[in-house]
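Residues per chain are reported as follows:
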Amino acid sequence: MKHAKLTVAAAVLALAALAPAAPALAAPAYHAHSALVRKGQLPPVNPAALEKAIAGLPTTDATVAEVRVGGSAGSWRGVAGVTDVRTGRPARAGARFRVGSVTKMLTTAVVLQLVAEGRLSLDGTVQEYLPGLLPASYPTIRVGQLLNHTSGLPSPHLTDDFADVYATRFRTYTPREYVARAVENPVEFEPGTRQHYLNINTFVAALLIEKVTGRSFEREVTGRILRPLGMRDSYLPGETVRIRGRHNRAYQVVPEGFPDAFRYRDVYLVDMTDMSVTSTWASGDLVSTTADLERFVVALFSGEVVPAPQLELMFTVPDVPTFGTGEPAAYTSGMSRAVLPGGLVVYGKTGARYGSAAGVGATRDLSRTLVYAIGSTDAKAQGQNERAMAVSLAAFAG
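Residues numbered from 1 in each chain as written. Predicted model: local features only at pLDDT ≥ 70, side-chain atom pairs only at ≥ 80, totals over all residues. Heavy atoms only, no water.

Caption draft 1: Main features of the sheet that holds strand 7 (residues 262–264). If you trace the 3 strands from one edge of the open sheet to the other, you get 6-8-7, paired in antiparallel fashion. Strands at the two margins of the open sheet, each flanked by one partner only, are strand 6 (251–254) and strand 7. Adjacent strand axes in the sheet meet at a mean angle of 50° when their direction is disregarded. Looking at chain direction, strand 6 and strand 8 (residues 267–271) are connected through 4 bridges and run antiparallel. By the bridge assignment for strand 8, Gln252 is matched with Val270. (Pairing = 2+ DSSP bridges. Helix = DSSP H or I, 4+ residues; strand = E, 2+ residues; numbered from the N terminus. Axes fitted to C-alpha atoms, helices over the stretch in contact; angles between N-to-C directions.)

Caption draft 2: Layout of the nonpolar core. Counting 65 residues, the largest nonpolar core has Val204, Ile225, Phe296, Leu300, Phe301 and Val305 as the members making the most contacts within it. Discounting residues that sit within four places of it in the chain, Phe296 has contacts with Met105, Leu106, Ile225, Leu229, Met231 and Val305. Membership of the second largest hydrophobic core comes to 29 residues, among which are Val45, Ile54, Val346 and Phe396. (Core = buried A, V, L, I, M, F, W, Y, C linked by side-chain atoms within 4.5 Å. Buried < 20%, exposed > 50% of the residue type's maximum accessible area, 1.4 Å probe, protein only. Contact = heavy atoms within 4.5 Å.)

Caption draft 3: The packing of aromatic side chains, seen in detail. Summed over the entire model, instances satisfying the criterion amount to 12 aromatic pairs. Taking 3.9 Å as the distance between ring centres and 15° as the angle between the ring planes, the aromatic pair formed by Tyr178 and Phe203 counts as stacked. Of the two residues, Tyr178 is situated in helix 7 (residues 175–182) and Phe203 in helix 8 (residues 199–213); the sequence distance between them amounts to 25 residues. On the basis of relative accessible area, Tyr178 is assigned to the buried category, the value being 5%. Site record: aromatic cluster; members linked through ring pairs are Phe162, Tyr166, Phe258 and Tyr354. Lying across the ring of Phe262, Arg86 places its NZ or CZ 3.9 Å from the centre. It is Arg244 that lies over the ring of Tyr235; its NZ or CZ is 3.7 Å from the centre. (Phe/Tyr/Trp six-rings, centres within 6.5 Å; stacked < 30°, edge-to-face > 60°. Lys NZ or Arg CZ within 6 Å of the ring centre and 35° of its normal.)

Caption draft 4: Spotlight on the environment of Asp292. Summarising the element assignment, Asp292 is placed in helix 11 (residues 290–301). Classification of Asp292 as buried rests on a relative accessible area of 3%. Each C-alpha atom of the pair Asp292 and Ser234 lies 6.9 Å from the other, and the pair is 58 residues apart in sequence. The contacts of Asp292, once residues within four sequence positions are left out, are Gly230, Met231, Arg232, Asp233 and Ser234.

Caption draft 5: Seen up close, the packing of helix 3 (residues 103–116) against helix 8. Interhelical geometry of helix 3 versus helix 8 gives an angle of 40° and a closest axis separation of 10 Å. One finds that helix 3 runs oblique with respect to helix 8. Classified by chirality, the crossing of helix 8 by helix 3 is left-handed. Here Lys104, Thr107, Val110, Val111 and Leu114 of helix 3 lie close against helix 8, whose contacting residues are Asn199, Thr202, Ala205, Ala206, Ile209, Val212 and Thr213. Grouping the amino acids of the contact of helix 3 with helix 8 by side-chain chemistry returns 7 nonpolar, 4 polar and 1 charged. (Parallel < 35°, antiparallel > 145°, perpendicular 65-115°, else oblique. Left-handed = near helix turned anticlockwise from the far one by under 90°. Nonpolar A, V, L, I, M, F, W, Y, C, P; charged D, E, K, R; others polar.)

Caption draft 6: How the structure looks around helix 11. Taking 1.5 Å as the rise per residue, helix 11 with 12 residues should run 16 Å; its terminal C-alpha atoms sit 16 Å apart, in good agreement. Among the 12 residues in helix 11, 9 count as buried, and that is most of the element. All of the buried residues along helix 11 are Thr290, Asp292, Leu293, Glu294, Phe296, Val297, Ala299, Leu300 and Phe301. Downstream of helix 11 by a residue or two, Gly303 has a phi angle that is positive, lying close to 85°. (Expected span 1.5 Å × (residues − 1).)

Caption draft 7: Geometry of the environment of Glu312. By the element assignment, Glu312 lies in the loop between helix 12 (308–311) and strand 10 (336–339). Given a relative accessible area of 37%, Glu312 falls into the partly exposed group. Put simply, Glu312 and Phe301 are 11 residues apart on the chain and 9.8 Å apart in space, counted from C-alpha to C-alpha.

Caption draft 8: Looking closely at the packing of helix 3 against helix 9 (residues 217–226). The geometry of helix 3 relative to helix 9 is characterised by a closest axis approach of 10 Å and an angle of 80° between their N-to-C directions. The orientation of helix 3 relative to helix 9 falls into the category roughly perpendicular. Mapping the contact onto sequence places Leu106, Thr107, Ala109, Val110, Gln113 and Leu114 in helix 3 and Phe217, Glu220, Val221, Arg224, Ile225 and Leu226 in helix 9. Tallied by class, the residues present in the contact of helix 3 with helix 9 amount to 8 nonpolar, 2 polar and 2 charged.

Caption draft 9: Highlighting unusual backbone geometry. The linkage connecting Leu57 with the following residue, Pro58, adopts the cis geometry, with an omega of 5°. Within the secondary structure layout, Pro58 lies in the loop between helix 2 (47–53) and strand 2 (62–70). A positive phi angle is found at Arg265, which is not glycine, with a value near 55°. Looking at the element boundaries, Arg265 is found in the loop between strand 7 and strand 8.

Caption draft 10: Molecular detail of the pairing of strand 12 (residues 356–362). Across the 7 residues of strand 12, 7 count as buried, placing the element largely inside the fold. The alternating pattern of strand 12 places Ser356, Ala358, Val360 and Ala362 and Ala357, Gly359 and Gly361 on opposite faces, both of which are buried. As consecutive antiparallel partners, strand 11 (residues 345–353) and strand 12 are separated by 2 residues, and within that stretch Gly355 has a phi angle of approximately 90°, a positive value. Counted between consecutive antiparallel strands, the loop separating strand 12 from strand 13 (residues 369–376) contains 6 residues, among which Leu366 sits at a positive phi close to 65°.

Caption draft 11: Here's a closer look at helix 13 (residues 386–396). Of all 11 residues in helix 13, 9 are buried, a share of seventy percent or more. Looking at helix 13, one finds that the buried residues are Arg387, Ala388, Met389, Ala390, Val391, Leu393, Ala394, Ala395 and Phe396.

Caption draft 12: A look at the confidence of the model for the protein. Taken residue by residue, the protein gives an average pLDDT of 90. The fraction at 70 or more is 89%. Across residues 1–40 the pLDDT falls below 50, and counting only partners more than four positions away or on other chains, this stretch makes 81 contacts in the model. (pLDDT = per-residue confidence, 0-100.)

Now the structure itself:
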């Protein structure tokens, strides 16, 4: 099967480099070290490119960034920007942030652990494990199809208008309420014939975790992954709207006159640090740090989290087209696969919450790993986040 290469990435990076940098509000907090090793087609760690990718923060597109590059072929660490644009307090490494859809990697890993234990089957059906959750008119949907987003399950009609999102940012949903709203709609396609990346798949997968274990999703992820790996700064917040411990403020750009907005340079921002995450739950509510996520990625790729037979699914893209576009599928079970310019294959996951863009990625042999957290002021905008793309290309393409 052929997979589309990210040939547009170089153009995005070039545009980012040509754009004039906004003047910094305060001198950026910036610390880095590097170790360079050549290995195969993987270029050496390029400190200059990584420094450039997060230089000049804070700006109107991002207020803070923390980047960790690691692996057997070298390492680099960098922090830039401010933890709060109103005070100008410099950012420091180790701040917690909302990882968004990177959460799906952990949810998928727990499901695959249960498969390895014989408590779930990839060929088992949602209808068998969770009777009554889906309408009787729905076709049979298998567990494996949830994990690789080929289930055909629809998304609920939740508002994407930011004014409505902001007004209801503390509203809570139960997982079953979310699923019930989704399945008011018909399935999008025959299960197994297309791929459509949607949160609904991970919601149902987490409900399966709760059904077969008899314990909450949060408890299972904590007991199976966070504690064993020593991810002490990571947690699942449930209905709590605030982030515990040290963290950076998260901002979203809005039009002039928006409620609670304040002017920052030539844009207007609202603070989105505190919000309900129940509308993303097992798909996007993890709070973590770059160090904890690096520890998770290394353990996962090393086979310490999911046994080898099941782990292979996390590196396997189904041979189906993408729903709506017909392009080859790009998502595995829990991650995505990207072929960078030059042919380097990287696996990982990105995530976005309002005010926070996050990502993890690695070569399968762990010669290079990347974790970043960017305080993007428009993290959920359509299209590629240019600063995140610049960081990724600097890490993997040099």
